[in-house]
Every structure is written in C-alpha cells, then in structure tokens.
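# What the coordinates show
Here is how the chains run, residue by residue.
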Amino acid sequence: MIRITLPDNSVREYPEGVTGLDIAKSLSNSLAKEVLSVTVNGEVYDLTRSINEDAEIILNKWDSEDGMHAFWHSSAHLMAEALEALYPGIKLGIGPSIDNGFYYDVDPGEGVTITDSDLPAIENKMKELAQQQNTFVRKVMPKKEALEHYTRKGDQYKVELLNDLEDGTISFYTHGNFTDLCRGPHLPHTGYIKAFKLLSVAGAYWKGDERNKQLTRIYGVSFPKQKMLDEHLAMLEEAKKRDHRKIGRDLELFTFSHVVGSGLPMWLPKGAQLRERLEEFLKKVQREHGYEQVITPHIGQKELYVTSGHYAKYGEASFRPISTPAEGEEFLLKPMNCPHHCEIYKFKPRSYKDLPVRMAEFGTVYRYEQSGELHGLTRARGFTQDDAHIFCRPDQLKEEFTKVIDIIFVIFKALDFKDFIVQISLRDPHDKEKYIGSDENWEKSEKAIIEATREKGLEASIEYGEAAFYGPKLDFMVKDALGRKWQLGTIQVDYNLPERFDLEYTGSDNQKHRPIMIHRAPFGSMERFVAVLIEHTAGKFPLWLTPEQVVILPISEKVHNYAEKVLNLLKNCDIRALIDLRNEKIGRKIRDSELKRIPYLLVVGEKEAENSTVSVRKQGEGDKGSMNLQDFVKFAKQEIEKQLEDISK
RNA sequence: GCCUCUUUAGCUCAGAUGGUCAGAGCAGCUGUUUCGUAAACAGCAGGUCGCGGGUUCGAAUCCCGUGAGAGGCUCCA
C-alpha cells in the first residue's frame, strides 16, 4: 500500500499502481467525471498513469491550468489524428496547448495547402474520432528505437525533435490509430472532448526560425461542454467590439489613409485632444519629478546613428536615408531620440553636482516595421514616444531607476491598469554577439535592474534574450481585448551610449567620469498606450480625460434658448460640453450620445427651462432624476477636480 | 518579409455556376413632424465593385500582378 496525501492534508492508503482516476472515483463519482489530470509530487500525470510511491496529489479539473492544458493538449492530438486521416503523408511538427486553446504545426506536403475552408471537414473528422472514445495509452521507448521509427516513417520534424531529447525520458501517446511523440499528460480517452472549434490557419516557421521551412499552423479551442464553447466564441465576438481600430473610427479618434502610407496614424480632433490631455498629465508628473522638457528635430545625420550603433544594428532594415540635393549628405528620420539627447547633454560641461539630468521629450520617431507586423495604433511606423533620458552618476542609478518605477505606477494607477505583467529582459547568455558593450557593464546594469525591482517588491519574470542590444530592460506589459500582450512602460539601463558619445561629467575629485543613461517611457508610445486604453475602457474614458464630458439634449426647438444657456454656463466653468440641436426625438438623441460614450447627458425640456433645472442621465446608467442647474455645474466640476487630484497622488 | 483569408457607397453588408447585379440598412442632404429618456416619417443624392493588366461577344464575378486590411509566424532600437 502507498500513502496518498490530498490537498486538504488528509492521508489515504491505496494499493501501489493506483491511478488518479481510481482515487477520484474513490472520493466521489461526480469528481471522477470532472477530473482531467492529476499532479503527483509536483509532476502532472495522466489520470490513467499508475502511482507507485507515497505521494502528495492534486486532482486537476477544468478550473485548474493543469487540467485545462491536458484537455487542450489531447485536443491537439485528436486534431492531428484527423489531419493524418484526411491528408495522407502529412508530417507533424509540434502541437502544444497554449493560453487559450491549442495548435498543431504540420507540413501537408508539396502542393497541398490547408485553408480556412478546409476546417469544417477536419472538425467533422475530429467529431467522428472523438465519438470512438479511444483511450490515450502512454509508452516509454528508448531513443534509438524511437529514432528508427520516425526515420523509417520519413518524419524529419520528429527526428529533429528526438535528437534534442535526453534518452530514457522519451514517451509516446497512442489513441486509436494515432501515435505521437509527447511528454503528456493526456485525458483518459478522446470522448472527453465534446465541443471544439478550429479557429484559423496560419504559417509558422519550424522551430520559430525564419530560415526554416514554414509549416501550416492550425489553431483551435475545445471545451468539455458545448455551452462553454458557445460562451467562449461569444466572448471573442465581444472582444472584437472593443478593438481599438473599430472604436477609434466610431468615436472619431484616429484614422489611417493608404494614400498617406500604411502604419502612419493620423489623430482626428477628438483623438488629438485625448492624447494631448494625457501628455499634459505626464508632463505635470514629470515636472514634479525634476524632468525638463526638450525639443529636437525629426531627422539627424546618418553619422549620429553610426556613432550610437543603431545604424549597424538596424540600418539595413530601416527607411532609407534621405539626402541633401547639393552636398549629398545623408540624414535619417529619427528612429529614437537618445542620440539627440546625448548631444544636448554635451551642450555644456557637466559637474557631478548637476546630475542627474532628466531630459524629457514627446518625440515622434519613424521605424520601418515589417508590413505584416503593422497593427492599428499598437504597431505603427510613425509614433510618439513619451521619451526621457536620465543621465546620472553610478551612485544615483538605483534611486533614479526606482523613481521611474514610481512614475509608471502613477500612470498605471491613474488610468486604472491593474493587470499588468512586469518583465525583466536580460541578454541571451548564449548569444552575446547580438549585444554591444562590455560584459562588466552588462552585469552591472542587469544587477541594478534586478535589485531595484526586488526593492520595489515587484513580481517580475526574467526573460533571457529580450534585452535591447545596448542594455537590459524592465518592461510593463498589458494585454489587449484579445489577450495579446503589448509592452507599454519600459525602463532601460545603458552604459553604452555614454561611452559611444563620450559623455562626461567632472567629479568631486576633479577627474572626468562617465555618466550612466536611463532610457524610459511610462506610456511607451502615445499610440500604443491609447490603443490599449481604448480596449480596456471600451471607449468609456474617465471623465477628466474624455474629449466630450457633457451633452445637452433639448427636447424640442422651444427650449433651444435655455439649452444654449446651459451650454454656455458649462463652458464658462471649463466643462467640455456640447449640444445636440438636431431635429430628432429625445430617444434618438440619447441613443446617439450613449453610443458616443459621453459621460453625462442633460435632457432639458419646458419643465427644466421653467425651473432652471436639468434632467441628468449618466452614461450606461440611465436617468438619474432632475437637478438644479447650478448644482449640476458644481457637482460636475467637483467630480472632475477630484479625479484630477486623485490621479496625481 | 512569410503563410492563410478579405477587399462592393462614409459605416455594416447582399450580390449561386461571367449576361437588367450595381443593391439594402444606417449615416448624409431636403422636406414634414416640435416630440419627454437608447433609432419619427417621406423623398433625394452616394460607388469606373482597391488599383493595373489579361481571358471573353460580355467581368464586381475567372486568371496574373500590385496596394490596403485581418489572423498568425518572424521581427520590434
């Protein structure tokens, strides 16, 4: 007998070789129906895999990631089985579960393409196979035998995968006629997979390397119940409605024109207003933190970027240089602001007493992003960074770094971004060639970031190989409506540019010293930040920020005079108000204003005009009853002022 | 840049197998209506069907090229 410890710390005895499913059944029938995988001493097992020693176990249902991933992973196998049946000779790459479903990368063979229109047929085959309720059987095989098998089969991708694996740990899963190299774990049988949908077809380079062949990736998602699938698909539809590209058009915030060029956003009046308000807000916070605004030109000599190292790294993949007609001098559209700021630093000799120097600029930059990468405002070719560079002494580095974290917190709190991910991006220790600068400086800056992050009590993941080529970064990522991660705030430590631009300050010892640079952008870029803000708020911006705060809706022409009076009063109190004088019924005016996400709607008719009142509606909440006009003005002003106070705290 | 898909009026979309297929709703304009809390009624106007070639007696529809967009991959100073 072995001793099994359950999550509530109770201990039960079972015969050796007992399975997770056996244990679930012994606890309750309903549990046995819901459980999907079992975690045994920290390792996730199939429910049907025997447990041979004392263990602490957790039975994973759909509500746990380990349960869900077993489900999706098994779904990927089911799909692969269907694909093998429908496309003889198809070769399989990898087929994992992901955050919201699963995919399989396949090579359908020369001249065979799988398109969206083929997905229903694959789904039908999957349905048919799922109904057979084939059990997943795990088998461990020596590497040699496995290699022989796949070599014989001509499955070059699996052979490649096998070559990277340690012998002795190689497991295979078989269900029905389908066998796959796989770590597992899997569901007991395919019948668990009751509801699924194949979502899209995409190209994906083998092993994520663009030098390799591009395989066909099929994405899908599956659930234990049809109702859950329906809800998930409905949720995806809802998410599409929050897409910043759609809301941006509906609310007249920004637009693109293929005549101007792809990836070059143009801010419409309301969007420009919104953006300027955000910029003013950040400027104020930065002033309080000792920053000074600077302004630099949109172009710079090519030499500037040769010096900075950017030209060597990105020159070939950038917009081509522009040149002067007479002299043929080459200039680049600036892809970043730091070299210009370095030159401002050099404007005069600096003393250790002057540091830190904090130079801020809303700098518009242009980068040649690959055409397939452009994505609304989140990935554009022209965008404005809320950039700043801090030039400081080594002894100031950590404090300056943590102060930047504080600013980012102020911004995120002000705009109610609660779910952000913090990522420390370090260099790839196996590929140091990609980076410039000495090992010593890299180690110093990586250490500084890790320490500052720890001192701030931030839970950060460490990603190797994600650093900028000149230094490590601390990134703040936020997800969009469809769960895609975008980097917003970023802080980067840089020892390299000061060296390359030969930046100096005179120390208390009267010797020349090298300052350290911190690059930072709390919003990241105005474009990307506004995009994510739109998707988070669904266009319902906070009162202090929204371009139109109050709309006055007269019921008929008879009260236009009174309505105009209300408008002027609000405007005089610096409330952004507008009036709807259209010859429309009140229901229509309300609807249109609601769709424009205007926070307050003031309905005024003859009753209101007589008593100097307004009938107040709050967006999304309906009728709030009538209010004295003066009282409403006071109330609205107070609410706006309170918001502004709160966000600057 | 690569893979798959899409591209018809400002927006959302109809337009089997090429032949009154250039349409609808909303928005716009003009009238009528002066109205109490999420779409009044009527009329009018709007498009060389992304662009350029080709096949055909005939192309929105088929083929080739190209632009733009979507979902991914790669990339992201």
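Now for a look at the structure at hand. What you are looking at is a predicted structure, and each value in this text was computed from that prediction instead of being measured.

What counts and what doesn't
Residues numbered from 1 in each chain as written. Chains lettered and ligands numbered in written order. Predicted model: local features only at pLDDT ≥ 70, side-chain atom pairs only at ≥ 80, totals over all residues. Heavy atoms only, no water. Patch = residues over 30% accessible without salt bridge, like charges linked within 9 Å, V, L, I, M, F, W, Y side chains within 5 Å. Areas by Shrake-Rupley, 256 points an atom, 1.4 Å probe, with all protein chains shown as cover. Salt bridge = Lys/Arg side-chain N within 4 Å of Asp/Glu carboxyl O. Helix = DSSP H or I, 4+ residues; strand = E, 2+ residues; numbered from the N terminus. Buried < 20%, exposed > 50% of the residue type's maximum accessible area, 1.4 Å probe, protein only. Pairing = 2+ DSSP bridges. Contact = heavy atoms within 4.5 Å. Axes fitted to C-alpha atoms, helices over the stretch in contact; angles between N-to-C directions. Phe/Tyr/Trp six-rings, centres within 6.5 Å; stacked < 30°, edge-to-face > 60°. Lys NZ or Arg CZ within 6 Å of the ring centre and 35° of its normal.

### Quick look at a nonpolar patch on the surface
A cluster of nonpolar residues, I299, I322 and L333, forms a patch on the protein surface that exposes about 220 Å² of accessible area. Tracing the chain through its elements places I299 in strand β19 (residues 299–301). Accessibility expressed as a relative area gives 34% for I299, which makes it partly exposed.

### Looking at the sheet that holds strand β25 (residues 460–464)
What the eight strands build is an open sheet, ordered β18-β22-β23-β30-β27-β26-β24-β25; its pairing is mixed. For this open sheet the edge positions go to β18 (292–293) and β25, each flanked by a neighbour on one side alone. With five bridges joining them, strand β27 (residues 485–494) and strand β30 (residues 516–521) adopt antiparallel strand pairing. Residue pairing in the sheet places D494 in a bridge with M517 of β30. Across the sheet, helix α9 (residues 269–288) touches β18, β22 (357–366), β23 (382–392) and β30, and the angle it forms with β22 is around 160°. Sitting on the sheet, helix α12 (residues 338–345) touches β22, β23 and β30, and the angle it makes with β23 is about 35°.

### Things to note about the sheet that holds strand β34 (residues 613–618)
Spatial ordering of the open sheet is given by β32-β31-β33-β34-β35, a layout of five strands whose pairing is mixed. Looking at the sheet topology across the chains shown, the edges are occupied by β32 (577–579) and β35 (622–628). Put simply, the sheet's adjacent strands are angled 25° from each other on average, direction ignored. Examined bridge by bridge, β34 and β35 share five bridges and lie antiparallel to one another. Directly across from K618, in β35, lies its bridge partner G622.

### Focus: unusual backbone geometry
Omega for the bond connecting G184 with P185 falls within 30 degrees of zero, at 0°, which places this linkage in the cis form. Residue placement: P185 occurs in the loop between β13 (178–181) and β14 (195–205). With a phi close to 75°, N9 is a non-glycine residue in the positive phi region. Here N9 lies in the loop between β1 (2–5) and β2 (11–14). Residue classification places N9 among the exposed positions, given a relative accessible area of 63%. Even without glycine at this site, D574 takes up a positive phi of about 60°. Residue position: D574 is located in the loop between α17 (560–572) and β32. Given a relative accessible area of 69%, D574 falls into the exposed group.

### Notes on the packing of aromatic side chains
All told, the structure shown has 24 aromatic pairs when counted by the stated rule. Of note, R49 hangs over the ring of Y45, and the distance from its end group to the ring centre comes to 3.9 Å. In this structure, R350 packs its charged tip against the face of Y345, placed 5.0 Å from the ring centre.

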